[in-house]
Amino acid sequence: MPGTLSFQYDGFCFEETVSKKVFAPWSLLSFFAEPERGFKNYWFESGGRPYALLEYLKSHALRHPEEYGNLKSIALNELSSSSDIKTLSDVALLTQAGYLTLKNIVGTTAYVGYPNEEVKTSMAQLYTERLLAGRTVEQVGADNISYRLATENVEAIFHLLNKLFSSIDYQKYPIRDEASIRAFVQVFFSGAGLSPIVEHHNSKGRSDLEVKVGTRYWVFEFKVCKSTNGAKDILNEAILQLQRKEYGLQEQEEQILRVALVFSLEKRKFTEFSQCD
C-alpha cells in the first residue's frame, strides 16, 4: 500500500511461480542510510538508465505513452534467451534492464509490469522526456507539478497542463482522443512522483483520472472537440457527467477538486475548463 517500503521499493520477481519478490537493494540501503529524507527515487542513481537502454532509445520508439500503465505480454522464451540488443523487443529490453518484472505467467506467455512505485516513476520520467522531445518539465516551464497541485487553484492547473501539452512532440505522439489525453496526463503526474488512478470506478461510472496530493483530491474529466466551435457545450456535458456520476464524492479527503477540461484538437491545447462544486 502507498507509504510503505514494499510499495516503494519491493516487487521484483524472477521465478516462474511469480510468488517470491525481492526489494531493490540499493534503494533499500539508501533509504535506511537516511530515512529522514523519506521515500526518494534512487533508481537512476543505481544504474537505472544503463547505456544499452539509452542507445536503444536513440533508434527505437519507446512504447507508446498510452501503454504506460498497462501490463505487457512477452513470450517466456524471449526472456530466457540471449539476444543482440538490435533485435530485442522493447519489452524484453525493459525487463532485462529491471524496468519491468514478472507479474503473471499463463502457458508460455509472461505478463510484465513495473515492480514498484520507484521504477514506475522512473519510467514515467523517461516517457515524459520522449513526449517532450527530449526536454524536461523544467525546460518547458511546467515543473513542480506535485507542489502546484497541492497549492494552486484550478485555473493555474489549466495553464500548467497547457504548457505540457503545447510542448508535446505531436509528430510522434499525436493526440487523437480522450484516451490520449488521459494517458499523457497520467505520465506527467506519475513522473512527478504521484500515483494517478485512471478510469476510477464508482457505483455510477468511471472518472477519467483522479489523484491525491497532500490533503487534496483531484478529479479530472477530459473531453475533446475538433475545433473551438461547440467547446462550451462539450464543457457543459463534462460538468453534467461529473455531477450525475458523482465522481470523487466517495472520497474522504479534506478538499475535493473536480475539474472539467475541454481539449481542442485544432488548437492542440485545452480551451475550456470549469470547477464542478
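Residues numbered from 1 in each chain as written. Predicted model: local features only at pLDDT ≥ 70, side-chain atom pairs only at ≥ 80, totals over all residues. Heavy atoms only, no water.

It is worth spelling out the packing of aromatic side chains at this point. A complete count under the given rule lists 17 aromatic pairs for this structure. With centroids separated by 5.1 Å and ring planes inclined at 20 degrees, the aromatic side chains of F31 and F39 adopt a geometry described as stacked. Residue classification places F31 among the buried residues on the basis of a relative accessible area of 11%. When its relative accessible area of 32% is taken as the criterion, F39 is described as partly exposed. Aromatic rings pair up to connect F165, F184, F188, F189, W218, F220, F222, F263 and F270 into one cluster. A cation sits over an aromatic face here: R268 above Y170, 4.6 Å from the ring centre. (Phe/Tyr/Trp six-rings, centres within 6.5 Å; stacked < 30°, edge-to-face > 60°. Buried < 20%, exposed > 50% of the residue type's maximum accessible area, 1.4 Å probe, protein only. Lys NZ or Arg CZ within 6 Å of the ring centre and 35° of its normal.)

Among the nonpolar cores identified, the biggest contains 60 residues, and F165, I168, F188, F189, W218 and F220 are the most heavily contacted of them. Ignoring any residue separated from it by four or fewer positions in sequence, one finds W218 in contact with L149, E152, N153, V154, I157, L209, E210, V211, V213, L257 and V259. (Core = buried A, V, L, I, M, F, W, Y, C linked by side-chain atoms within 4.5 Å. Contact = heavy atoms within 4.5 Å.)

For the structure shown, the criterion picks out zero disulfides. In this structure C225 is a free cysteine whose sulfur lies 19 Å from that of C276, the closest cysteine sulfur available. (Disulfide = S-S within 2.5 Å.)

The subject of this paragraph is the pattern of salt bridges. Using the criterion set out here, one finds eight salt bridges in the structure. As a salt-bridge pair, K223 and E221 come within 3.9 Å of each other at their nearest N and O atoms. Given a relative accessible area of 8%, K223 falls into the buried group. Look at E221 and you get buried, because its relative accessible area is 1%. K223 is paired through a salt bridge with E237; the nearest N and O atoms lie 3.8 Å apart. One end of the pair, K223, is in strand β6 (residues 216–225); the other, E237, is in helix α10 (residues 231–245), with 14 residues separating them in the sequence. (Salt bridge = Lys/Arg side-chain N within 4 Å of Asp/Glu carboxyl O. Helix = DSSP H or I, 4+ residues; strand = E, 2+ residues; numbered from the N terminus.)

A separate point is the sheet that holds strand β4 (residues 197–202). Within a sheet, adjacent strands bond to each other through the backbone by hydrogen bonds, running parallel or antiparallel. Strand order in the open sheet made by the five strands is β4-β5-β6-β7-β8, with mixed pairing throughout. Looking at the sheet topology across the chains shown, the edges are occupied by β4 and β8 (269–276). Taken pair by pair, the neighbouring strands of this sheet meet at an average axis angle of 40 degrees, ignoring direction. Where β4 and strand β5 (residues 205–213) come together, five bridges link them in antiparallel fashion. Looking at β5, one finds that V198 is bridged to L209. Sheet contacts for α10: β4, β5, β6, β7 (255–264) and β8; angle to β6, the most-contacted strand, approximately 140 degrees. (Pairing = 2+ DSSP bridges. Axes fitted to C-alpha atoms, helices over the stretch in contact; angles between N-to-C directions.)

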